[in-house]
Amino acid sequence: MADNVYGVKLVVLTELKQDGSTKADGKVIRIDTPQEVSYSPNIKEGQETELRGGDRLIATVKEDDVLTSLTATFKDATLDIEAMKLIGGGTITGTGDTAVYNAPTMSDTTRTPFKAEIYSAIYGDGAKTAGDIEAYKKVTLNYAKGRIPAFTQQDRNFMVPSYTITSTENSTTSKGPFSIETVASLPPAESAE
């Protein structure tokens, strides 16, 4: 069934254990200001073997290509240092307006895995208004790790961080790099805090 999927409404990041299982006291971050998300599959091409003889090709055998991971890049309209810490590592000292984010050092090579759920609105056919959302399409990145975002500070422009995260197979839950499903509504805010 084809859906009319529009925009990006919400990104929810859920901290996982290193093995990909659910972390009981894991951090959950709700990003309600995403601007765009793009996805790029990473494919390992299957090996191809040729048999030649008498100056001609006799046979070829090609293995199937394999999806190894999915790279997602998303822009957030605001700079959320809690999200930056979960996605790219580092530390936060202090709280509230006095919080200070410190990027990871060169010796800090461990990144926290997380699950990312990205929600977009589904609209029916025909002319619709913004409130006529019928359901949501949820893309789940099952075992993701990220990098510190790229961002630009420029006169008369807002600073918009751009995160790159890569999702691989979650062997603990036996799930591939990503899944897509239709859900009736967005998760309530209190479940994401």
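Everything discussed here concerns the structure shown above.
Within any chain, residue numbers begin from 1 and follow the written order of that chain's sequence. Local features in this predicted model are restricted to residues whose pLDDT is 70 or higher, and side-chain atom pairs enter the listing and the counts only when it is 80 or higher, whereas totals over whole chains, interfaces and linings include all residues. Working from all heavy atoms in the structure, the side-chain values ignore hydrogens and water.

1. Regarding the overall build of the protein chain
Each helix and strand in the protein chain was counted, giving one helix and 12 strands. Helix and strand assignments follow DSSP, with helices taken as H or I runs no shorter than four residues and strands as E runs no shorter than two, numbered in order from the N terminus. Overall, the protein chain shows an N-to-C arrangement of helices and strands of β-β-β-β-β-β-α-β-β-β-β-β-β. The size measure is the radius of gyration over C-alpha atoms, and the globule rule it meets is 2.2 Å times the number of residues to the 0.38 power. In terms of overall size, the protein chain is more extended than a compact globule, its C-alpha atoms giving a radius of gyration of 21 Å where 193 residues would be expected to give roughly 16 Å. With respect to the principal axes defined by its C-alpha atoms, the protein chain has extents near 75 × 55 × 45 Å.

2. A short note on the layout of surface pockets
Every definition here rests on a 1 Å grid over the protein atoms only: cavities are sets of points where a 1.4 Å probe fits but cannot get out, pockets are open sets enclosed by protein on both sides within 12 Å along at least five of seven lines, and lining residues have some atom within 4 Å of a point. Grid points are joined across faces, edges and corners, and a volume is the space filled by probe spheres set on the points. By volume, the largest pocket is sized at about 220 Å³. In terms of lining, the largest pocket is formed by 15 residues, of which the most central are Lys115, Thr140, Asn142, Thr173 and Lys175. Put simply, the parts of the chain that give the lining of the largest pocket at least two residues each are strand E9 (114-123), strand E10 (135-146) and strand E12 (178-183). For the lining of the largest pocket, the element with the most residues is E10, which contributes three residues. One number sums up the size of the second largest pocket: a volume of about 160 Å³. The wall of the second largest pocket is formed by Glu15, Lys27, Lys85, Leu86, Gly89, Gly90, Asp108, Thr110, Arg111 and Thr112.

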